[in-house]
Amino acid sequence: MIELIPAIDIIGGQCVRLTKGDYDQKTVYGSPVEMARQFESIGFRRLHVVDLDGAKSKHIVNGDILRRIHAETSLTVDFGGGIKTDEDVAKAFDCGAQMVTIGSIAVTDPERCLRWLSQYGADHIILGADVRNGKISINGWKEDSEEDLLPFLRKYIDAGIRNVLCTEISKDGTLAGPAIALYQRVMREYPTLHLIASGGVSSIDDIRALEAAGIPAVVFGKAIYEGRINMKELWDWQNA
């Protein structure tokens, strides 16, 4: 059964969703901590948290909210956004993250990321692969690198990475359906990878389609906040 991972993105201390990564296309949904409690009350055990202020500022900004989510729920949290330095990684774990997602820094400073992988272990490091027009995007999706997706993944998989969060930026926040063909291409190339699909999920049918395609896990957010997915219905489907 596909792993279900609800997402909370944070700007200014509030739970938000962007459209295609555009900070000017922002919808606010209230308290991140309260939303995390709601996810836990339904039965979810995992949570994806993104510090969008951190991604823009290039250092962790919303560590206090992460700390509160850790203190007030028992959710397993993976955390990303603004992780650039050894101090950022240590802070994320100190604030309660069980896993960190490394994105831009994996492009700009791979040696540092490989050291983190060795230091913290593959169970605690998620490689973030944000894709636009086939290239890895960095710095809060504001720049496209020269890195092509599959060779980029190969370098880290060969080094021991097992968990990859792949976001198709053109789909993110659009409710237009996930990039299933992209994820299938990744899984054909790396069939043992724990791939986490992200972007475009609009309904339970989209999640069923990802499961049918053999995708191990999915992150989703806007479809919940906009009422397109009933959380209880989704949880009941997974546990039927």
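Shown above is the structure to which this text applies.
Here the structure is a predicted model, which is why all the values come from computation and not from measurement. (Residues numbered from 1 in each chain as written. Predicted model: local features only at pLDDT ≥ 70, side-chain atom pairs only at ≥ 80, totals over all residues. Heavy atoms only, no water.)

On to empty space enclosed by the protein. Across all of its chains, the model carries two cavities of 30 Å³ or more by this definition. Volume-wise, the second largest cavity comes out at about 90 Å³. Forming the walls of the second largest cavity are 15 residues, and the residues nearest its centre are Arg-17, Gly-200, Val-201, Gly-221 and Lys-222. Taken together, the elements giving at least two residues each to the lining of the second largest cavity come down to strand E12 (217-220) and helix H10 (222-225). For the lining of the second largest cavity, the per-class residue count stands at five nonpolar, six polar and four charged. (1 Å grid on protein atoms, 1.4 Å probe; cavity = no way out; pocket = protein on both sides within 12 Å on 5 of 7 lines; lining within 4 Å. Points joined across faces, edges and corners; volume = space filled by probe spheres on them. Helix = DSSP H or I, 4+ residues; strand = E, 2+ residues; numbered from the N terminus. Nonpolar A, V, L, I, M, F, W, Y, C, P; charged D, E, K, R; others polar.)

Those residues of helix H8 (residues 180-189) that sit buried are Leu-182, Tyr-183, Val-186 and Met-187. Projection of H8 onto a plane perpendicular to its axis shows the buried side chains occupying an angular sector of 135°, all on one side. Residues of H8 that are exposed and angled more than 90 degrees away from the buried face: Ala-181 and Arg-188. Along its buried surface, H8 packs onto helix H7 (149-159), strand E10 (163-168), strand E11 (194-198) and helix H9 (204-212). (Buried < 20%, exposed > 50% of the residue type's maximum accessible area, 1.4 Å probe, protein only. Arc of directions from axis to C-beta. Contact = heavy atoms within 4.5 Å.)

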